[in-house]
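Topology and contacts: notes
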Number of protein chains: 2
Amino acid sequence: MSLDDVRRYLIAYDISDDVRRTKVAKKLESYGDRVQYSVFIVDTRPAKFLRLRTQLTDMIDEGTDSVLFCNLGTLRANNRRSLDVIGCSRTITDHGPAIL
Amino acid sequence: MSLDDVRRYLIAYDISDDVRRTKVAKKLESYGDRVQYSVFIVDTRPAKFLRLRTQLTDMIDEGTDSVLFCNLGTLRANNRRSLDVIGCSRTITDHGPAIL
């Protein structure tokens, strides 16, 4: 799997129910890095991303919850400057894509 | 101001203090669209973005708060597919950049 196969995705959620929020957070923790309380960075191939998106769709209540996906491009093209944090930042792993 | 001058930024915050969080949210509401409770999309020129970034830096407590900035590229190059929401979504204005 080369850097050209892997894309970086930013995923943010707004979920009021504690049980659903915890389930979604645990799923995302298994795929990527938590950069804020409700924001994750996931480096993976598009096919695996679609599987994750489907799993999250099944977990949420589409009437009240929201999950935002932002495709930041290939890992190779991804410029470190495109993500920038002020204040108390968490580490984003840069050692390759998540093993799924 | 052409579409080539304008960039789309995703801005997300993690702020525990109610007063600071409200101040940051009000500032961001004056610049762009709220897409989730703590996630905004701002379309603006890089110079204006830097001014906003400085204002937010002055508002937060860098020891406890966090603001994440993600540069999504020029508005011209920006592909609608790069942002995708499942569930309950808010509208992102597409009629040009914020007037600052």
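Everything numeric here is computed off the predicted structure, so don't read it as measured data. (Residues numbered from 1 in each chain as written. Chains lettered and ligands numbered in written order. Predicted model: local features only at pLDDT ≥ 70, side-chain atom pairs only at ≥ 80, totals over all residues. Heavy atoms only, no water.)

1. Description of the interface of chain B and chain A
- Counting residues at the interface gives 31 residues for chain B and 31 residues for chain A.
- Among the residues of chain B in contact with chain A, Q36, L68 and I86 of chain B are the three that bury the most area, contributing 27% of the side total.
- On inspection of chain B and its partner chain A, the count reaches 2 salt bridges.
- Among the salt bridges present, the one from R53 of chain A reaches D84 of chain B, with a minimum N-O distance of 2.8 Å.
- Taken together, the links from chain B to chain A amount to 18 residue pairs in polar contact (both at pLDDT 80 or more).
- At the level of elements, strand 1 (7-14), strand 2 (33-36), helix 2 (46-59), strand 4 (66-74) and strand 5 (83-87) of chain B are the ones that each hand at least two residues to the side of chain B that touches chain A.
- Among the elements that line the side of chain B that touches chain A, the one with the most residues is strand 4 of chain B, at 7 residues. (Contact = heavy atoms within 4.5 Å. Buried area = accessible area lost by both parts, 1.4 Å probe. Salt bridge = Lys/Arg side-chain N within 4 Å of Asp/Glu carboxyl O. Polar contact = N/O pair within 3.5 Å; in protein donor to acceptor, adjacent residues only side chain to side chain. Helix = DSSP H or I, 4+ residues; strand = E, 2+ residues; numbered from the N terminus.)

2. Topic: the packing of aromatic side chains
- According to the stated counting rule, one finds 6 aromatic pairs over all chains in the structure shown.
- A ring pair is formed by F49 of chain B and F69 of chain B, whose centres lie 5.4 Å apart and whose planes are at 85°; its orientation type is edge-to-face. Here F49 of chain B is found in helix 2, whereas its partner F69 of chain B is found in strand 4, with 20 residues between them in sequence. Each member of the pair, F49 of chain B as well as F69 of chain B, carries the same accessibility label: buried.
- Connected via pairs of aromatic rings, a cluster forms that spans Y9, F49 and F69 of chain A.
- Taking NZ or CZ as reference, R34 of chain A lies 5.1 Å from the ring centre of Y37 of chain A, over its face. (Phe/Tyr/Trp six-rings, centres within 6.5 Å; stacked < 30°, edge-to-face > 60°. Buried < 20%, exposed > 50% of the residue type's maximum accessible area, 1.4 Å probe, protein only. Lys NZ or Arg CZ within 6 Å of the ring centre and 35° of its normal.)

3. A closer look at the packing of helix 1 (residues 18-29) of chain B against helix 2 of chain B
Residues and elements named next belong to chain B.
- Relative to each other, helix 1 and helix 2 sit at 170°, their axes nearing to 10 Å. When the axes of helix 1 and helix 2 are compared, the pair comes out roughly antiparallel. Residue-level inspection shows R20, K23, V24, K27 and L28 of helix 1 in contact with helix 2, the latter providing L52, Q55, L56 and M59.
- Counted by class, the contact of helix 1 with helix 2 contains 5 nonpolar, 1 polar and 3 charged residues. (Axes fitted to C-alpha atoms, helices over the stretch in contact; angles between N-to-C directions. Parallel < 35°, antiparallel > 145°, perpendicular 65-115°, else oblique. Nonpolar A, V, L, I, M, F, W, Y, C, P; charged D, E, K, R; others polar.)

4. Digging into the relation of the copies chain B and chain A
- Structural alignment of chain B on chain A gives an RMSD of 0.0 Å, achieved by rotating through 180° and translating 0.0 Å along the axis. Those values place the two copies in the arrangement expected of a two-fold rotation axis. The rotation axis passes nearest to the C-alpha of L72 of chain B in chain B, at a distance of 3.5 Å.
- A share of 100% of interface residues in chain B that are also interface residues in chain A marks the association as one of identical surfaces. (Least-squares fit on C-alpha atoms with pLDDT ≥ 70 in both.)

5. A closer look at the UniProt feature "binding site: Mg(2+)" (unreviewed entry) in chain A
- UniProt feature "binding site: Mg(2+)" (unreviewed entry): in the numbering of this structure it lies at D14 of chain A.
- Along the chain, the position of D14 of chain A falls in strand 1 (residues 7-14).
- D14 of chain A sits in the partly exposed class, given a relative accessible area of 23%.
- Contacts of D14 of chain A, omitting those with residues within four sequence positions, involve T64, D65 and S66 of chain A together with Q36 and Y37 of chain B. (UniProt positions renumbered as here; feature names shortened; annotations may be inferred.)

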